[in-house]
Amino acid sequence: MSTLTDARRQEVLRAIVADYIASQEPVGSKTLVERYRLGVSSATIRNDMAVLESQGLISQQHASSGRIPTQQGYRQFVDSLHEVKPLSPPERKAMLTFLEGGVDLEDVLGRSVQLLAQVTAQAAVVQLPNLKVSRVKHCEVVRLSPVRVLLVLITDNGRVDQRNVELDEVINQDQTYRLRDIVNDALVGETLTDAPAELARLVDDAPLDIRHHVLKVATTLIETLVERPSDRLIMAGTSNLTRVTRDFPEGLPKIIEALEEQVVVLKLLARVPDLGHVSVVIGDENEEDQLRDASVVAAGYSFGTGGQAATLGGLGVVGPTFMDYSGTISKVSAVAQYVSEILAGE
């Protein structure tokens, strides 16, 4: 087969994928001749379609119907994308403005999935930061009453945890300041996975007059750091999938279940590619049975700049295999980039 013929058949495949994504109807040779400037006759296109079908890239549901892309066809289409749909300046501005309105890390990530669900019409998911790469920036101790303090733990990526602590004895303001200094001396700069060990050492070395307070505070912080799930998902737009139920053959309940249980999606997001890249997993490429009828487009977001940037987690969308891959890749990439820029304070 000549290079020219091969290139034309790739054009035919791209046209079939693009048309099916837009219409969700089988595509015939007449449609391709009328809508796409392929420069050949309808008979030649029919021949090309027969070859593409023999290669497993398209299929025919009925003898008289047009063709639809197979999962293998979608994969070849995605792999052949040399550039994705660029966002318009108004789209970029609207996205960034919405995300910048977040008051803290969790709010920014919550906004990111709302945004992705809206602009892609898919189910959107984001993984909260992996605690292994989060470090303690500061722990504020606020005296609320003679026997109650508020702990505010702040990480270097903007995550904030707050806990009220009921004390067994009265604490004065001077003791509160000393307690805060002791906790920060132990925690600042430590990862959240190493911090509990540092806290466990505090009690024996604490001054006698505040040792009982140190014990209470250390216990509460350890419970916060150890018992709070380190991997959590924020989701939005799950209802979008119900609009295309017919395109998940017996699979939509499984997909919804996978999203709700979170474990399956967390496994996917844990394997996001290096920063700046987007992964596309199509249908049967998914290792988990629940997602074999769906496609997942995901990217990592980071904290820090340049060589200091560290991947905090993944975000992306789950949708039908006929999704607009070019547009979805562009939007997932843009949101991941904007979230990273906001967390870096750029």
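Keep in mind the model is a prediction, meaning the values are calculated, not measured.

> Looking at this structure, how should I read the overall build of the chain?
The helix and strand inventory of the chain stands at 13 helices and 10 strands. Radius of gyration (C-alpha) of the chain: 26 Å, far over the 20 Å computed for a compact globule of 346 residues. If one aligns the C-alpha atoms of the chain with their principal axes, the spans along those axes are about 90 × 40 × 30 Å. Among the 346 residues that make up the chain, the fraction classed as buried is 47%. Within the chain, contacts between residues at least 6 apart in sequence are counted, and of these 61% link residues at least 24 apart. Charged side chains in the chain number 34 positive and 47 negative. The centres of these two groups are separated by 6 Å.

> Can you help me understand the sheet that holds strand S10 (residues 310-320) in this one?
Whenever strands of a sheet pair, they do so through backbone hydrogen bonds, lying parallel or antiparallel. Taken in spatial order, the 5 strands line up as S7-S3-S10-S9-S8 in an open sheet, and their pairing is antiparallel. Single-partner strands in this sheet number two, and they are strand S7 (233-236) and strand S8 (278-282). Within this sheet the neighbouring strands show an average axis-to-axis angle of 20°, counted without direction. Both strand S3 (residues 123-127) and S10 contribute to a ladder of 4 bridges, which runs antiparallel. The residue bridging Ala124 from the neighbouring strand is Val317, located in S10. Along the sheet, helix H13 (residues 325-343) makes contact with S8, strand S9 (294-303) and S10, crossing S9 at roughly 20°.

> Looking at this structure, I do not really get the packing of helix H6 (residues 105-120) against H13. What am I missing?
Any two packed helices are characterised by how steeply their axes cross, that is the angle between the axes, and by the distance between the axes. Running from amino to carboxyl end, H6 crosses H13 at an angle of 165°, the nearest separation of the two axes being 11 Å. Here H6 is positioned roughly antiparallel relative to H13, judged by the angle of their axes. Seen from above, H6 lies across H13 with right-handed handedness. Across the interface between the two elements, Leu105, Val108, Leu109, Ser112, Leu115, Leu116, Val119 and Thr120 from H6 touch Thr328, Lys331, Val332, Val335, Val339, Ile342 and Leu343 from H13. A breakdown of the residues in the contact of H6 with H13 according to their chemical character gives 11 nonpolar, 3 polar and 1 charged.

> Just checking my understanding: could you explain the pairing of strand S4 (residues 136-145) for this structure?
Regular strands place side chains that alternate from one sheet face to the opposite one. Direction of pairing for S4 relative to strand S5 (residues 148-155): antiparallel, over a ladder of 8 bridges. Following the sheet pairing, Ser145 is matched in S5 by Arg148. Counting the residues between successive antiparallel strands, the hairpin from S4 to S5 contains 2 residues.

> What's the story with the packing of helix H5 (residues 89-100) against H13 in this structure? I'm lost.
Relative to each other, H5 and H13 sit at 45°, their axes nearing to 10 Å. As summarised for this structure, H5 and H13 are arranged oblique, according to the angle between their axes. Judged by the twist between their axes, the crossing of H5 over H13 is right-handed. Two secondary-structure elements touch here, H5 through Arg92, Met95, Leu96, Leu99 and Glu100 and H13 through Lys331, Ala334, Val335, Tyr338, Val339 and Ile342.

Calculation rules
- Residues numbered from 1 in each chain as written.
- Predicted model: local features only at pLDDT ≥ 70, side-chain atom pairs only at ≥ 80, totals over all residues.
- Heavy atoms only, no water.
- Helix = DSSP H or I, 4+ residues; strand = E, 2+ residues; numbered from the N terminus.
- Rg over C-alpha atoms; globule rule 2.2 N^0.38 Å.
- Buried < 20%, exposed > 50% of the residue type's maximum accessible area, 1.4 Å probe, protein only.
- Contact = heavy atoms within 4.5 Å.
- Lys, Arg positive; Asp, Glu negative; His and termini not counted.
- Charge placed at Lys NZ, Arg CZ, Asp CG, Glu CD.
- Pairing = 2+ DSSP bridges.
- Axes fitted to C-alpha atoms, helices over the stretch in contact; angles between N-to-C directions.
- Parallel < 35°, antiparallel > 145°, perpendicular 65-115°, else oblique.
- Left-handed = near helix turned anticlockwise from the far one by under 90°.
- Nonpolar A, V, L, I, M, F, W, Y, C, P; charged D, E, K, R; others polar.

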